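So the chains spell out like this:
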Amino acid sequence: MNTVRILAVDDHEMTALGYKYILEDADFTDFNVKVEIATSFEKGKSNIENSKRAIPYDVILLDIQLFSPESKDPRTGIDLGIVARAEVPNSKVVFMSSYSDNYRINNIFKTVNPDGYMVKSEIDELSLKTMVETIVKNSPYYTASALSAIRRRMSTDIVIDEQDQKILYHLSQGIHTRDIAPLIGSANTTVEARKRQLKALFDVKNGNDLALINEAKTRGFL
């Protein structure tokens, strides 16, 4: 039988080992599964780059947050996804994350365009097995929350640029308009002007910031 080679990258070793034990013990019809684990960004990056010179992984499972909240290191699993796309383009990339918000999921799809996305709270033995079976057949796999985020975004004809998206995100985090400007490298007047344009675009011209945030969430932008 063929062997499907999987790399699981997660800074929590027990999580990565859980994927390994479940998938290697699962009963697949047409193949066996071999899972390697990496518990740090550097180890994951090294494994991906080394696989390019040997046998590329069939599937790469990536957590998003690979450093403790206290760490100042800005690198994430998204950066590893970009590395994987560049170094081993034939490897399937699946994100395994606790993040289920539309903003983050849609940003990942714009940046990496992964083959799958699983929200950790929706992962169980059956969904893990189904994900592998689906991915190796060249079909995408998403858990319910991820699929909902994708569908909501696809259902709107509104298009905004990255700066507008960042403004919406920071507003949704409770950051005041005057404090957003340095976060996105713009002047306060630019942020105010963009916010007025966003309110017009989302048809909340006379609404406050909360109304704008709620409408952006309804349309799948947050």
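What you are looking at is a predicted structure, and each value in this text was computed from that prediction instead of being measured.

Rules used throughout
Residues numbered from 1 in each chain as written. Predicted model: local features only at pLDDT ≥ 70, side-chain atom pairs only at ≥ 80, totals over all residues. Heavy atoms only, no water. Salt bridge = Lys/Arg side-chain N within 4 Å of Asp/Glu carboxyl O. Helix = DSSP H or I, 4+ residues; strand = E, 2+ residues; numbered from the N terminus. Buried < 20%, exposed > 50% of the residue type's maximum accessible area, 1.4 Å probe, protein only. Pairing = 2+ DSSP bridges. Contact = heavy atoms within 4.5 Å. Axes fitted to C-alpha atoms, helices over the stretch in contact; angles between N-to-C directions. UniProt positions renumbered as here; feature names shortened; annotations may be inferred. Domains from an automatic or database assignment. Buried area = accessible area lost by both parts, 1.4 Å probe. Polar contact = N/O pair within 3.5 Å; in protein donor to acceptor, adjacent residues only side chain to side chain. Nonpolar A, V, L, I, M, F, W, Y, C, P; charged D, E, K, R; others polar.

### Description of the pattern of salt bridges
- What the rule picks out here adds up to 14 salt bridges.
- A salt bridge links Lys 120 to Asp 63; the shortest N-O distance between them is 3.5 Å. Residue Lys 120 is located in the loop between strand 5 (116–119) and helix 5 (125–135), and its partner Asp 63 is located in the loop between strand 3 (59–62) and helix 3 (77–87); the two are separated by 57 residues in the primary sequence.
- The partly exposed category is assigned to Lys 120, whose relative accessible area is 24%.
- Across the pair Asp 73 and Arg 75 runs a salt bridge, and its minimum N-O distance is 2.8 Å.

### With respect to the sheet that holds strand 4 (residues 92–97)
- Pairing in this open sheet of six strands is parallel, and the strands run 2-1-3-4-5-6 from one edge to the other. The two strands at the open ends of the sheet, each matched to only one other strand, are strand 2 (31–38) and strand 6 (141–142).
- Of the strand pairs in this sheet, strand 3 and strand 4 are connected by four bridges, and their pairing is parallel. Within strand 4, the residue paired with Val 59 across the bridge is Lys 92.
- Lying over the sheet, helix 3 contacts strand 1 (2–9), strand 3 and strand 4, oriented at roughly 175° with respect to strand 4.

### With respect to the UniProt feature "modified residue: 4-aspartylphosphate" (unreviewed entry) in the protein
- Sequence positions flagged by UniProt for "modified residue: 4-aspartylphosphate" (unreviewed entry) are, in local numbering, Asp 63.
- Relative accessible area serves as the criterion here: at 6%, Asp 63 is assigned to the buried category.
- Apart from the residues lying within four places of it in its own chain, the contact partners of Asp 63 are Val 9, Asp 10, Asp 11, Gly 77, Met 96, Ser 97 and Lys 120.

### Some points on the domain arrangement of the protein
- As assigned here, the protein comprises domain 1 (2–153) and domain 2 (162–218).
- Placing the centre of domain 1 and that of domain 2 at their C-alpha centroids yields a distance of 32 Å.
- Taken together, the contact pairs five residues of domain 1 with five residues of domain 2.
- Taken together, both faces of the contact between domain 1 and domain 2 bury some 480 Å²; the carbon and sulfur share is 43%.
- On the surface where domain 1 and domain 2 come into contact, there are zero salt bridges.
- Where domain 1 touches domain 2, the interface holds zero residue pairs in polar contact (both at pLDDT 80 or more).
- Only helix 4 (102–111) and helix 6 (144–154) provide two or more residues apiece to the side of domain 1 that touches domain 2.
- Considering each element in turn, the side of domain 1 that touches domain 2 owes the most residues, three residues, to helix 4.
- Looking at side-chain class alone, the side of domain 1 that touches domain 2 contains one nonpolar, one polar and three charged residues.

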